[in-house]
Amino acid sequence: MATLSAAQLREHQRDEYNAFLAQCPGHQLLATLSDKWVTLVLAALADGPLRYSDLSRTIPGASQKMLTQTLRKLERDGLLTRTVTPSVPVRVDYEITALGRTLLPIQQAIKNWAETHIEQVHRARAAYDRGDAG
């Protein structure tokens, strides 16, 4: 590896974690965190662990495939844990980790904002579609 000046090293480090760049890990994480299913799963688990069936009832719009993919993604990123209890039938519980809990206030604020402002957004969309936006 070539020797870098302090300024070159700072520039390299700045570019390495620049979420505006597609190759940045932060960019990839933002893509995960901005997924609506991620927000809904975290909101559903905010009050404590839930079984898969409870999650699917709480988030009825999520298909089994989408819910499973979202749970695996969140587990892989360290935002939730999956605990299997051997029983008949097998019990699987999902719970937010300490890292995931640090994200809850942000995710809940986004969810609350969406619920609070949806009527204004609908009006803005209707105005735009009519050509009234400007």
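In this text the structure is predicted, and so the values were computed from the model without any measurement.

Rules of the game
- Residues numbered from 1 in each chain as written.
- Predicted model: local features only at pLDDT ≥ 70, side-chain atom pairs only at ≥ 80, totals over all residues.
- Heavy atoms only, no water.
- UniProt positions renumbered as here; feature names shortened; annotations may be inferred.
- Helix = DSSP H or I, 4+ residues; strand = E, 2+ residues; numbered from the N terminus.
- Pairing = 2+ DSSP bridges.
- Contact = heavy atoms within 4.5 Å.
- Axes fitted to C-alpha atoms, helices over the stretch in contact; angles between N-to-C directions.
- Parallel < 35°, antiparallel > 145°, perpendicular 65-115°, else oblique.
- Nonpolar A, V, L, I, M, F, W, Y, C, P; charged D, E, K, R; others polar.
- Core = buried A, V, L, I, M, F, W, Y, C linked by side-chain atoms within 4.5 Å.
- Buried < 20%, exposed > 50% of the residue type's maximum accessible area, 1.4 Å probe, protein only.

## Some remarks on the UniProt feature "domain: HTH hxlR-type" (unreviewed entry) in the protein
At step 1: Under the UniProt annotation, "domain: HTH hxlR-type" (unreviewed entry) lies at residues 24-122.
At step 2: The span residues 24-122 is 65% helix and 14% strand, and its two end C-alpha atoms sit 34 Å from each other.

## Thoughts on the sheet that holds strand β3 (residues 91-96)
At step 1: Read across the sheet, three strands follow the order β1-β3-β2 without closing on themselves; strand pairing throughout is antiparallel. Whereas interior strands pair on both sides, the edge strands pair on one side only; in this sheet they are β1 (50-51) and β2 (80-85).
At step 2: Across six bridges, the pairing between β2 and β3 is antiparallel. By the bridge assignment for β3, Leu 80 is matched with Ile 96.
At step 3: Its contacts with the sheet place helix α3 (residues 36-45) against β1, β2 and β3, and it is angled at close to 100 degrees to β3.

## Describing the packing of α3 against helix α5 (residues 64-76)
At step 1: Packing of α3 against α5 brings their axes to within 10 Å, and their N-to-C directions diverge by 75 degrees. When the axes of α3 and α5 are compared, the pair comes out roughly perpendicular. Along the contact surface, α3 presents Trp 37, Val 38, Val 41 and Leu 42, while α5 presents Met 66, Leu 67, Thr 70, Leu 71 and Leu 74.
At step 2: Across the contact of α3 with α5, the residue classes tally to eight nonpolar, one polar and no charged.

## Looking at the environment of Leu 33
At step 1: Note on placement: Leu 33 falls in helix α2 (residues 25-33).
At step 2: The sequence separation of Leu 33 and Ser 87 amounts to 54 residues, and the corresponding C-alpha distance is 33 Å.
At step 3: Beyond its immediate stretch of four places on either side in the chain, Leu 33 contacts Val 38, Thr 39, Leu 79, Leu 103 and Gln 107.

## Some points on the nonpolar core
At step 1: Ranked by size, the top nonpolar core spans 22 residues in total, and within it Val 41, Leu 45 and Leu 55 carry the most contacts.
At step 2: Elements with a contribution of two residues or more to this core: α3, α5, β3 and α6 (98-130).
At step 3: The element contributing the most residues to this core is α3, with six residues.
At step 4: Setting aside anything within four residues of it in sequence, one finds Leu 55 in contact with Ala 44, Leu 45, Leu 50, Leu 67, Leu 71 and Tyr 94.

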